[in-house]
Amino acid sequence: MEESVKAKPRRGPDMRVTIGGVELASPVIAASGTFGYGVEFEEIVSLDRIGAFVTKGLSKEPMAGNPTPRIVETASGMMNSIGLQNMGVKAFVEQKMTRLRQIKGAVVIANIFGFTVNDCLEVIRVLNDTPGIAMYELNASCPNTSHGGMVFGTDPKLLDELVYRTERVSARPLMVKLSPNVTSIAQMAKVAADAGAQALSLVNTFLSMAIDVETRKPRIANVTAGLSGPAVKPIALRMVYEAAKAVKIPVIGMGGILRAEDAVEFMLAGAAAVQVGTASYADPRAVENIATGLRQWCSAHDVAEVAGLTGGVVV
């Protein structure tokens, strides 16, 4: 009588990806500005089941942000002009990082910004001495006050200087978040990569405006705001595709991701990982749900390694 052979349990897909030398358990990341400082979500989202989360933007000093109204719902999206409100980098280190280091499996990406290059350097120097941070995301969509308010990410020379100088003082991998409000996203991606960025994230919000026809006034106190959500997804997808073809470093895609299939699209377009932002306002567990859904999608489509999806679009 033949001895029965037990079937080996089927292993699930390998969901690991590596960004700037940092291994993540999933390619799904919570985007900056939509996930607080992380600790606010620890009772809602299992932080060890997502790839990472990006903190609110951290500046040298605390910032109160823009006056209200500063959020407006739009068809298939939302506009916001929060104005980078945050507690400042030193308060973040003192009040938030102690707790974040205690959360098993939490991967912290610190978003940093400044209105001059030196502002950014000061924020990085503070964070360099803080354990528990995996990498930095440098927001290049801020206006450089030393150059007449020109946004770093829309001027190749300013972007080159910003990335070059910050990367050289950074003790951790540097990811650069690009502005979509440019003529050529491929050019800006190449500038950032050539200046030393280890990864890119895109797109940030699109400059937009809404008017109340009864009062004839802008619906946002700051007049203009950043548009995000499903409305921007086709444009964001195209920009990720163009950026990924222009550089050899990992690209993290974002813009209107609501479900696992959206994440797959961005990865096929060339993204090594994705960030989920606006969806978290409608569903605080959106990031974890999309991460779970992506794993299920890979299983259903016999994708053994999620990293294999990157750049897989057939054109």
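Throughout what follows, the structure given in this document is the object of discussion. Since the model is a prediction, treat every value here as computed from it, not as a measurement.

## Here we look at a nonpolar patch on the surface
(1) Moving on: A contiguous nonpolar surface patch, about 260 Å² in accessible area, is contributed by M209, I211 and V223.
(2) Moving on: When you line up the elements, I211 lands in strand β14 (residues 211–212).

## Points about the packing of aromatic side chains
(1) Moving on: By the definition in use, this model includes four aromatic pairs.
(2) Moving on: With a centroid separation of 5.9 Å and an interplanar angle of 40°, the aromatic rings of Y37 and F92 are classed as tilted. You can see Y37 sitting in the loop between β3 (28–30) and β4 (52–54) and its partner F92 sitting in helix α1 (residues 89–95), a full 55 residues away along the chain. F92 carries the same exposure label as Y37, and that label is buried.
(3) Moving on: On the basis of an interplanar angle of 80° and a centroid distance of 5.9 Å, the ring pair of F113 and F115 is categorised as edge-to-face.
(4) Moving on: For F113, a relative accessible area of 0% puts it in the buried group.
(5) Moving on: The rings of F35, F41 and F53 are connected pair by pair, giving a single aromatic cluster.

## Section: the packing of helix α6 (residues 233–246) against helix α7 (residues 260–268)
(1) Moving on: Direction vectors running N to C along α6 and α7 enclose 30°, while the axes themselves pass 9 Å from each other. By the criterion of interaxial angle, the relationship of α6 to α7 is roughly parallel. Touching K233, A236, L237 and V240 of α6 are D262, E265 and F266, all from α7.
(2) Moving on: Among the residues making up the contact of α6 with α7, the classes are represented as four nonpolar, no polar and three charged.

## Digging into unusual backbone geometry
(1) Moving on: Along the chain, T68 connects to P69 via a cis peptide bond; the corresponding omega equals 0°.
(2) Moving on: With respect to the helices, strands and loops of the structure, P69 is situated in the loop between β4 and β5 (71–74).
(3) Moving on: Even without being a glycine, L84 presents a positive backbone phi close to 60°.
(4) Moving on: With respect to the helices and strands, L84 occurs in the loop between β6 (77–80) and α1.
(5) Moving on: According to the relative accessible area criterion, L84 is partly exposed, its value standing at 31%.

## Focus: the sheet that holds β5
Backbone-to-backbone hydrogen bonds join strands into a sheet, with any given pair of strands oriented parallel or antiparallel.
(1) Moving on: If you trace the four strands from one edge of the open sheet to the other, you get β5-β6-β16-β13, paired in antiparallel fashion. Each end of this open sheet is capped by a strand with a single partner; those strands are β5 and β13 (206–209). The average undirected angle you get between the axes of adjacent strands in this sheet is 35°.
(2) Moving on: Judged from the four bridges that link them, β5 and β6 form a sheet pairing that is antiparallel.

Basis of the calculations
Residues numbered from 1 in each chain as written. Predicted model: local features only at pLDDT ≥ 70, side-chain atom pairs only at ≥ 80, totals over all residues. Heavy atoms only, no water. Patch = residues over 30% accessible without salt bridge, like charges linked within 9 Å, V, L, I, M, F, W, Y side chains within 5 Å. Areas by Shrake-Rupley, 256 points an atom, 1.4 Å probe, with all protein chains shown as cover. Salt bridge = Lys/Arg side-chain N within 4 Å of Asp/Glu carboxyl O. Helix = DSSP H or I, 4+ residues; strand = E, 2+ residues; numbered from the N terminus. Phe/Tyr/Trp six-rings, centres within 6.5 Å; stacked < 30°, edge-to-face > 60°. Buried < 20%, exposed > 50% of the residue type's maximum accessible area, 1.4 Å probe, protein only. Axes fitted to C-alpha atoms, helices over the stretch in contact; angles between N-to-C directions. Parallel < 35°, antiparallel > 145°, perpendicular 65-115°, else oblique. Contact = heavy atoms within 4.5 Å. Nonpolar A, V, L, I, M, F, W, Y, C, P; charged D, E, K, R; others polar. Pairing = 2+ DSSP bridges.

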